[in-house]
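Read off the chains here:
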Amino acid sequence: MTASHVRRTSGTSPYEARYGFSRAVRVGDRILVSGTAPVEPDGSSTPGDAAAQARRCFAIILAAMADLGGTPADVVRTRMYLTDPADADAVGAVHGEIFGAIRPAATMIVTAALLRDEWRVEVEAEALISS
């Protein structure tokens, strides 16, 4: 695959430029979305509970995918990282609102911490574009 077949998009996370990564990368019919935290357009963290933060994560992910020609129906895998297992149902419910009819492969992991203390959830996604 040549560099001309790779497309990238950026989001609003201040960490993208600082740490040298793209929000999402499309290679052929595949879109890979980086770990996406609840970051507002001004770089601040999304306030609220895990469900509100999950909604923001998925909004960022779906915008990045749309930028690269993908739709929610193209999503084949998600990974959700939580800092508190008590948030599983709230985050899972948001996932279900978006992907309930699509039913991608999904993983939910509880981790000790995320990059910012106020983040309760971070999400990754992968898509295959239908031909």
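Residues numbered from 1 in each chain as written. Predicted model: local features only at pLDDT ≥ 70, side-chain atom pairs only at ≥ 80, totals over all residues. Heavy atoms only, no water.

A count of helices and strands for the chain gives 3 helices and 6 strands. When the elements of the chain are put in sequence order from the N terminus, they spell out β-α-β-β-α-β-α-β-β. In terms of overall dimensions, the chain is globule-like: its C-alpha atoms have a radius of gyration of 14 Å, near the 14 Å expected for 131 residues. For the chain, the C-alpha atoms occupy an extent of roughly 45 × 35 × 20 Å along the three principal directions. (Helix = DSSP H or I, 4+ residues; strand = E, 2+ residues; numbered from the N terminus. Rg over C-alpha atoms; globule rule 2.2 N^0.38 Å.)

The contact between helix H2 (residues 50-67) and helix H3 (residues 88-99) brings their axes to 8 Å, and the two run at 35°. The chirality of how H2 crosses H3 is right-handed. Along its contact with H2, which presents Ala-50, Ala-51, Ala-54, Arg-55, Phe-58 and Leu-62, the element H3 presents Ala-90, Val-91, Val-94, His-95, Glu-97, Ile-98 and Phe-99. When the residues that make up the contact of H2 with H3 are grouped by side-chain class, the tally is 10 nonpolar, 1 polar and 2 charged. (Axes fitted to C-alpha atoms, helices over the stretch in contact; angles between N-to-C directions. Left-handed = near helix turned anticlockwise from the far one by under 90°. Contact = heavy atoms within 4.5 Å. Nonpolar A, V, L, I, M, F, W, Y, C, P; charged D, E, K, R; others polar.)

What follows is about the pattern of salt bridges. Inspection of the entire model under this criterion finds 7 salt bridges. One salt bridge connects Glu-16 with Arg-23, and the closest N-O pair in it is separated by 3.0 Å. Residue Glu-16 shares its accessibility class with Arg-23, and that shared class is buried. For Arg-30, the salt bridge identified is with Glu-126, shortest N-O distance 3.5 Å. Within this pair, whereas Arg-30 is found in strand S3 (residues 30-36), its partner Glu-126 is found in strand S6 (residues 121-128), the two being separated by 96 residues in sequence. What makes Glu-126 buried here is its relative accessible area of 17%. (Salt bridge = Lys/Arg side-chain N within 4 Å of Asp/Glu carboxyl O. Buried < 20%, exposed > 50% of the residue type's maximum accessible area, 1.4 Å probe, protein only.)

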